[in-house]
Amino acid sequence: MKLRDIVEVLKLDVRTGSSDRLDVEVTGGYASDLMSDVIAGAEEGNLWVTLQTHQNTVAVGVMKSLCGIILVNGREPEKETIQKAEVQGIPLLISTMPTFELVGRLFELGIGKKGKPA
Amino acid sequence: MGGSEHGTPLAITKAKQPGFVSIDLHIHTCLSPCATLDMTPRKIVAEASRKGIEIIAVTDHNTTENALAVIKAAREFDLHVIPGIEVTTSEEVHIIGLFEEMSQAREMQAIVYKNLQEGMNDEDLFGMQVVANEHDEVEKMNKRLLIGATLLPVHEVVDAIHGLDGLAIAAHIDRERFSIIGQLGFIPNDLKLDAVEISRRLPLDQARSRFREYERFAFISASDAHDLEEIGKGATCLQMAGTHIKDLKQAFEELVVSSS
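### Description of the overall build of chain A
- When you go through chain A residue by residue, the secondary structure sums to six helices and five strands.
- Reading the secondary structure of chain A in the N-to-C direction produces α-β-α-β-α-β-α-β-α-β-α.
- The C-alpha radius of gyration of chain A comes to 13 Å, within 12% of the 13 Å expected for a compact globule of 118 residues.
- Projected onto the principal axes, the alpha-carbon positions of chain A cover approximately 35 × 30 × 25 Å.
- Counted over contacts in chain A with a minimum sequence separation of 6, partners at least 24 positions apart contribute 46%.
- Counting every atom, chain A has about 5600 Å² of accessible surface; 51% of that belongs to carbon and sulfur.
- Between the centroid of the 13 positive side chains of chain A and the centroid of its 16 negative side chains there is a distance of 2 Å.

The structure is reproduced here in structure tokens:
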């Protein structure tokens, strides 16, 4: 499934993210609020679900070649975070859902189901 | 950013009282990826000295490799430098360790390096990690992922610091990110901290009332300086008999008694 489709189905607010970056295939998902855990566990092309709004999220997302970052609970990213995400070209998305619900919805869409391309 | 800055004028005037010293226990150098490149040993000591700070601690993220250079650079100044470290625990809590001797700081660094998460620093993403000497010359670049976390839980970090006769301080407890309260919700009852640090953004008296349940700890403020201009902002004034770690420990204990 493409990131663009997820944005539409789950009504995500696109804060940064060019058209071509939304056209990528999402390889899976990762939900965590510890940066070190994301560095250790997330895989290339994953969509990251977090409540962290700090600019470090962008650096970690780029470092791990993630396809995008979704902030939960309608959390507003810090100004520096948006600027960094724009420079790095990584999609920064906002969901009004809490983590549990959002991850459940993503899983229903087939994101993160092993061996089953969405 | 905006907002008012607190601490500096008060700290410096108070320091003029006999027996009080102005002390900034949380300063990064150019070795911390997030610090500016002009946070070099000589520039740091010159700036601290110019601002009337009498004791500083060098507390880079997960490393002590620039501490000795700052100690050496300070020899020309009336400034005492404590070798220290700001450890990122497995919960991503920042704990400051302060040591009497460079050898103890190095032992702490060895423990941290052994448990630091694997990976190489990406200079474009996180910043450069410059190991400098006391003449402000570049010795080398540290390649470790200093921005990362260790595998050590907060209790183990505090125990390791105490095992090396150091002092353990929970950094910037008023902040959401990387603070013990932000990451763990509250300070565990059995955690043997020597002090809690309040960021310079919050005046100490406000902090004491906001965190009244932690009156068992000494409250100090520090700059957490990442650039030269920030050095000394929020410096604490303490009554100290000397500049040793034991004197600092005693000053912390007296702070708890006097404020309770």
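### Some thoughts on the interface of chain A and chain B
- On the chain B side, the residues contacting the 18 residues of chain A number 14 residues.
- On the chain A side of the contact with chain B, Leu34(A), Ser36(A) and Met63(A) bury the most area, a combined 34% of that side's loss.
- At the boundary of chain A with chain B, the tally comes to one salt bridge.
- Where chain A packs against chain B, one counts three residue pairs in polar contact (both at pLDDT 80 or more).
- Contributions of two or more residues to the side of chain A that touches chain B are made by helix H3 (35–41), helix H4 (56–63) and helix H5 (79–88) of chain A.
- Considering each element in turn, the side of chain A that touches chain B owes the most residues, five residues, to H3(A).
- Each residue belonging to the side of chain A that touches chain B can be placed in one class, and the counts come to seven nonpolar, five polar and six charged.

### Remarks on the sheet that holds strand E4 (residues 68–71) of chain A
Residue and element names in this part refer to chain A.
- Ordered by their spatial adjacency, five strands build an open sheet running E1-E5-E4-E3-E2, and the pairing between neighbours is mixed. Each edge of the open sheet is held by one strand with a lone partner, namely strand E1 (13–16) and strand E2 (28–31). The average angle at which neighbouring strand axes cross in this sheet is 25 degrees, direction not considered.
- Note that E4 and strand E5 (residues 92–94) share three bridges and pair parallel. Bridge assignment links Ile69 to a residue of E5, and that residue is Leu92.

### Some words on the pairing of E4(A)
All names here are of chain A.
- Here E4 shows no split at all, with Gly68 and Ile70 on one side and Ile69 and Leu71 on the other all buried.
- Two strands pair when backbone bridges link them, and strand E3 (residues 46–50) and E4 are joined in this way by four bridges, in the parallel orientation. The residue of E4 that forms the bridge with Trp48 is Ile69.
- Taking the sense of rotation as the criterion, the β-α-β connection linking E4, H5 and E5 turns out right-handed.

### Re the environment of Gln83(A)
All names here are of chain A.
- Residue placement: Gln83 occurs in helix H5.
- Classification of Gln83 by relative accessible area gives partly exposed; the value is 42%.
- Each C-alpha atom of the pair Gln83 and Thr16 lies 8.9 Å from the other, and the pair is 67 residues apart in sequence.

### Brief notes about the nonpolar core
Residues and elements named next belong to chain B.
- Grouped together as the largest cluster of nonpolar side chains are 51 residues, with contacts concentrated most on Ile56, Ile95, Met108, Ile180, Ile187, Leu193 and Phe211.
- Among the elements that line this core, the one with the most residues is helix H6 (residues 154–163), at five residues.
- For Leu193, the contacting residues outside a window of four places in its chain are Ile95, Val158, Ala168, Ile169, Ala170, Ile187 and Phe217.
- Core analysis: the second largest hydrophobic core is formed by 21 residues, Ala57, Met240, Phe252 and Val256 among them.

Procedures and definitions
- Residues numbered from 1 in each chain as written.
- Chains lettered and ligands numbered in written order.
- Predicted model: local features only at pLDDT ≥ 70, side-chain atom pairs only at ≥ 80, totals over all residues.
- Heavy atoms only, no water.
- Helix = DSSP H or I, 4+ residues; strand = E, 2+ residues; numbered from the N terminus.
- Rg over C-alpha atoms; globule rule 2.2 N^0.38 Å.
- Contact = heavy atoms within 4.5 Å.
- Areas by Shrake-Rupley, 256 points an atom, 1.4 Å probe, with all protein chains shown as cover.
- Lys, Arg positive; Asp, Glu negative; His and termini not counted.
- Charge placed at Lys NZ, Arg CZ, Asp CG, Glu CD.
- Buried area = accessible area lost by both parts, 1.4 Å probe.
- Salt bridge = Lys/Arg side-chain N within 4 Å of Asp/Glu carboxyl O.
- Polar contact = N/O pair within 3.5 Å; in protein donor to acceptor, adjacent residues only side chain to side chain.
- Nonpolar A, V, L, I, M, F, W, Y, C, P; charged D, E, K, R; others polar.
- Pairing = 2+ DSSP bridges.
- Axes fitted to C-alpha atoms, helices over the stretch in contact; angles between N-to-C directions.
- Buried < 20%, exposed > 50% of the residue type's maximum accessible area, 1.4 Å probe, protein only.
- Right-handed = clockwise from strand over helix to strand, strands pointing away.
- Core = buried A, V, L, I, M, F, W, Y, C linked by side-chain atoms within 4.5 Å.

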